[in-house]
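In case you want the letters, here they are:
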Amino acid sequence: MPKKTDESKQDHEKGASAQRSGTPGGDGQAAALSRFGRFVRSRMGKASLAVLVVLIITGITVATQDQIASAIESARLAKLTEKVENIYTASYQSNADATLKADRSKSSHDENNIYVKDNPYGTNTTGLYVYFTTSDAVKVSYTVSTPDTDYADFSATPDKGDEYVTTHEFQVIGLIPGKNNTITFTLTAKNGKQTTHTIEHKGAKLLSEVEVQLKSTKTNTSTDLGNGLYAILGNDSDGQDFMYYYDVHGVIRGEVPILFYRSHRLLFRDNIMYFSASTHEIVGMNSLGKIVKRYNTGTNYILHHDYGMDSDGNLIVLATDLRKSTIQDAIIKIDAKNGKVSRLVDMSALYSSYEKTTEDATLGTKSSSTTDSNNKNFDADVSDIKKDWLHLNTIQVLDDGSVILSSRETSTIIKLNDIESDPTIDYMIGEESFWKGTDFAKYLLKQDGSFSNTGGQHTVTYQSDSSLPSGQYYLYMFDNNYGVSNTRPDYDWAANTPGINTSYTGTGNSRYYKYLVDENAGTYKLVSSFDVPYSPIVSSAQDLSNGTILVDSGVPGVFGVYESDGTLISQWKMNLRKNIVYRVYEYDFHNFYFA
């Protein structure tokens, strides 16, 4: 399984091989080794003795505890990565399933002898598998609590728990890691009679060092935010990557290890949750945590930033074609039935006359090595040898076979028709002056009203409304308000878009933006906007079912819930594991983790 290549891992390797000058042998070295041994045992236990053995065999004496810690951390991460890679194999999942069932069948389990097992499939560190039977058909719900008053109780009705059945099998979500948890199961009979059964269980320790309780920068005191979970879809790291679930109180309720990169969004179909586990793999997981579907982008493509599903359940994926000199500009399909990968759209061909006028450049710092010898380890965001002329970051797959795309590099929203048969450009929304003189200016919708266009927008979301006439709908987004086009250095964003930031470290604001699009009139109109913390790249916005709006500003690592008028209700800040919190979406997980 390919792993990330980055400077920090190289630094760890250098740290592990650092040597201290001095004469081998003697009391000084013996004392140093003794101190080193005690330090290793105190930090890592027996598992780290291998590190000590290697250092002794190679004759290395250790200069500082920082170097020791670096070596130990490198070894720990390597072991963890190996573990996670194994989790995502078919053999691991099959063996885990067989082991679970064999262990469960050793005795009978009713409501007075409930069977539980921590994270049997390896896909949710604090998830708890639950199984028991009842003589009468009952519904079931649960509440997770701890004696620690820092953590609110977490209550839920598990998947299928709203049905009257006699066999109960589900995953309890919400255990506090490393704490003694009390789980109270409430059973409701058809006649309305309720009984409760309680178990005590210590929550598993997290695999990462992410916060259990996020720091609140704005505490909600009035609004009911529901019982959904905030999915942290990428808190980028130099080591093992994860997806996290937090509740509306900022308390962690799940940790999902992935192979690397990010889980860009969650898709649900037929009681299976789909998410990206690496740049090459998208998996489907059932409500118990078992991986039951696996899809791979193949040797020619890597996933970049987003994906959706068509009406047949096929995955429609934004991708980079590794065979080309341009990046982030392809759309591929992965067939749901056979896993076959096919290219649907090559945007560099569709926009050929424009792409040829752009310069070779990418966002971010350059790296001397962005691929391994087999092109498996390609950096999905940065390259010094590829042209990032478009940088697609969002795709919305519509029922009629069209898609709506967001291009960060051109600060343009693009709608394509018939992507699975004959892709054509329907329209674009963007700065008129940017496209002036190109073959594509004719596709621009007319701006209705006076307002600044977006700069590098992310998570453009299609929203239908039955009260609108045919041909009208909303598009809302996180407007980064960052005007930089590295492949068009001649274009002056500041001169053409009033108020836009052109500095990554700018002091202005990003914005929530919502357009009313009228395809019949060929217009778009700004109907809602408010300022949010500035994030020049990444980030997300999501209209929630209760009328509030969830916004993640990825660079500062804050996400919050707003009233529709922009009044901040609550806000949380995460410690960045590296640079950004990629996206935060709320999911109710109905018909999956919860009924």
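Details of the structure are given in the entry above.
Throughout what follows, the structure given in this document is the object of discussion. The shown structure was predicted, so the numbers you read here are calculated from the model rather than taken from an experiment. (Residues numbered from 1 in each chain as written. Predicted model: local features only at pLDDT ≥ 70, side-chain atom pairs only at ≥ 80, totals over all residues. Heavy atoms only, no water.)

### Here we look at the overall build of the chain
Phase 1 of the analysis: A count of helical and extended segments in the chain gives nine helices and 32 strands.
Phase 2 of the analysis: Taken across its 595 residues, the chain has 55% of its residues classed as buried.
Phase 3 of the analysis: Across the chain, contacts joining residues at least 24 apart in sequence account for 60% of those joining residues at least 6 apart.
Phase 4 of the analysis: Entry remark: accessible area of the chain is about 25300 Å², with carbon and sulfur atoms responsible for 45%. (Helix = DSSP H or I, 4+ residues; strand = E, 2+ residues; numbered from the N terminus. Buried < 20%, exposed > 50% of the residue type's maximum accessible area, 1.4 Å probe, protein only. Contact = heavy atoms within 4.5 Å. Areas by Shrake-Rupley, 256 points an atom, 1.4 Å probe, with all protein chains shown as cover.)

### Quick notes on helix 4 (residues 65-87)
Phase 1 of the analysis: With 23 residues, helix 4 extends 33 Å from end C-alpha to end C-alpha; this agrees with the ideal 33 Å at 1.5 Å per step.
Phase 2 of the analysis: Restricting attention to buried positions, one finds in helix 4 the residues Ile 68, Ala 69, Ser 70, Ala 71, Ile 72, Leu 77, Leu 80, Thr 81, Val 84, Glu 85 and Ile 87. (Expected span 1.5 Å × (residues − 1).)

### Comments concerning the pattern of salt bridges
Phase 1 of the analysis: Enumeration over the complete set of coordinates arrives at 25 salt bridges.
Phase 2 of the analysis: In this structure, Lys 290 engages Asp 97 in a salt bridge whose closest nitrogen and oxygen atoms are separated by 3.5 Å. Separated by 193 residues along the polypeptide, Lys 290 in the loop between strand 13 (281-285) and strand 14 (291-296) and Asp 97 in helix 5 (residues 90-104) bring together distant segments of the chain.
Phase 3 of the analysis: The salt bridge involving Asp 329 is made with Lys 324; its shortest N-O contact spans 3.5 Å. Neither Asp 329 nor Lys 324 differs from the other in exposure class; each is buried.
Phase 4 of the analysis: Linked by salt bridges that have partners in common, Asp 321, Arg 323, Lys 324, Asp 329, Arg 343 and Asp 346 make up one network. (Salt bridge = Lys/Arg side-chain N within 4 Å of Asp/Glu carboxyl O.)

### A closer look at the sheet that holds strand 13
Phase 1 of the analysis: Sheet architecture is open: four strands sit in the order 11-12-13-14, paired in antiparallel fashion. Strands at the two margins of the open sheet, each flanked by one partner only, are strand 11 (267-269) and strand 14. Each strand axis lies, on average, 25 degrees off the axis of its neighbour in the sheet, ignoring direction.
Phase 2 of the analysis: Alignment of strand 12 (residues 272-276) against strand 13, held across four bridges, turns out to be antiparallel. (Pairing = 2+ DSSP bridges. Axes fitted to C-alpha atoms, helices over the stretch in contact; angles between N-to-C directions.)

### Some thoughts on the environment of Lys 139
Phase 1 of the analysis: Relative to the elements of secondary structure, Lys 139 occurs in strand 2 (residues 128-145).
Phase 2 of the analysis: Between the alpha carbons of Lys 139 and Lys 160 there is a distance of 8.4 Å; along the sequence they are 21 residues apart.
Phase 3 of the analysis: Non-local contacts of Lys 139, meaning those with residues more than four positions away in its chain, are made with Gly 161, Asp 162, Glu 163, Tyr 164, Thr 186, Leu 187 and Thr 188.

### Some remarks on unusual backbone geometry
Phase 1 of the analysis: Phi is positive for Ser 411, which is not a glycine, with a value near 50 degrees.
Phase 2 of the analysis: Of note, Ser 411 is situated in the loop between strand 20 (403-407) and strand 21 (412-417).
Phase 3 of the analysis: Phi is positive for Asn 481, close to 60 degrees, though the residue is something other than glycine.
Phase 4 of the analysis: Mapped onto the elements of the fold, Asn 481 is located in the loop between strand 25 (472-479) and helix 9 (493-496).
Phase 5 of the analysis: Accessibility expressed as a relative area gives 4% for Asn 481, which makes it buried.

### Thoughts on the pairing of strand 22 (residues 424-429)
Phase 1 of the analysis: Sheet topology note: the strand 21/strand 22 ladder contains five bridges and is antiparallel. Within the sheet, the bridge partner assigned to Lys 415 lies in strand 22 and is Tyr 427.
Phase 2 of the analysis: Where strand 21 hands over to strand 22, the hairpin turn is made up of six residues, of which Asp 418 adopts a positive phi near 50 degrees.

### Notes on the side chain of Asp 97
Phase 1 of the analysis: A relative accessible area of 12% places Asp 97 in the buried class.
Phase 2 of the analysis: Of note is the side chain of Asp 97, whose polar atom sits 3.5 Å from the side chain of Lys 290.
Phase 3 of the analysis: The residues touching Asp 97, leaving out its near neighbours within four places in the chain, are Tyr 121 and Lys 290. (Polar contact = N/O pair within 3.5 Å; in protein donor to acceptor, adjacent residues only side chain to side chain.)

### Notes on the sheet that holds strand 20
Phase 1 of the analysis: Spatial strand order, 19-20-21-22: four strands in an open sheet with antiparallel pairing. The strands lining the two open edges of the sheet, one partner per strand, are strand 19 (392-397) and strand 22. Going from strand to strand, the sheet's axes swing by 20 degrees on average, the running direction of each strand aside.

### Some remarks on a negative patch on the surface
Phase 1 of the analysis: Together, Asp 399, Asp 400, Asp 418 and Asp 422 make up a region of like negative charge exposed at the surface.
Phase 2 of the analysis: Locating Asp 418 in the fold gives a position in the loop between strand 21 and strand 22.
Phase 3 of the analysis: Look at Asp 418 and you get partly exposed, because its relative accessible area is 38%. (Patch = residues over 30% accessible without salt bridge, like charges linked within 9 Å, V, L, I, M, F, W, Y side chains within 5 Å. Lys, Arg positive; Asp, Glu negative; His and termini not counted. Charge placed at Lys NZ, Arg CZ, Asp CG, Glu CD.)

### A word on the pairing of strand 15 (residues 301-309)
Phase 1 of the analysis: In terms of residue burial, strand 15 counts as a mostly covered element, since nine of its nine residues are buried.
Phase 2 of the analysis: When strand 15 meets strand 16 (residues 315-321), the two strands line up antiparallel, connected through six bridges. Looking at strand 16, one finds that Gly 308 is bridged to Ile 316.

### Remarks on the packing of aromatic side chains
Phase 1 of the analysis: Using the criterion set out here, one finds 40 aromatic pairs in the structure.
Phase 2 of the analysis: By the ring-pair criterion, three or more aromatic residues cluster together here, those being Phe 154, Tyr 245, Phe 268, Tyr 585, Tyr 587, Phe 589, Phe 592, Tyr 593 and Phe 594.
Phase 3 of the analysis: Geometry around Tyr 131 places Arg 104 over its ring, the cationic atom sitting 4.1 Å from the centre.
Phase 4 of the analysis: Here Lys 514 stacks its cationic end above the ring of Tyr 474, 4.8 Å away from the centre of that ring. (Phe/Tyr/Trp six-rings, centres within 6.5 Å; stacked < 30°, edge-to-face > 60°. Lys NZ or Arg CZ within 6 Å of the ring centre and 35° of its normal.)

Coordinates in, geometry out; function isn't part of it.
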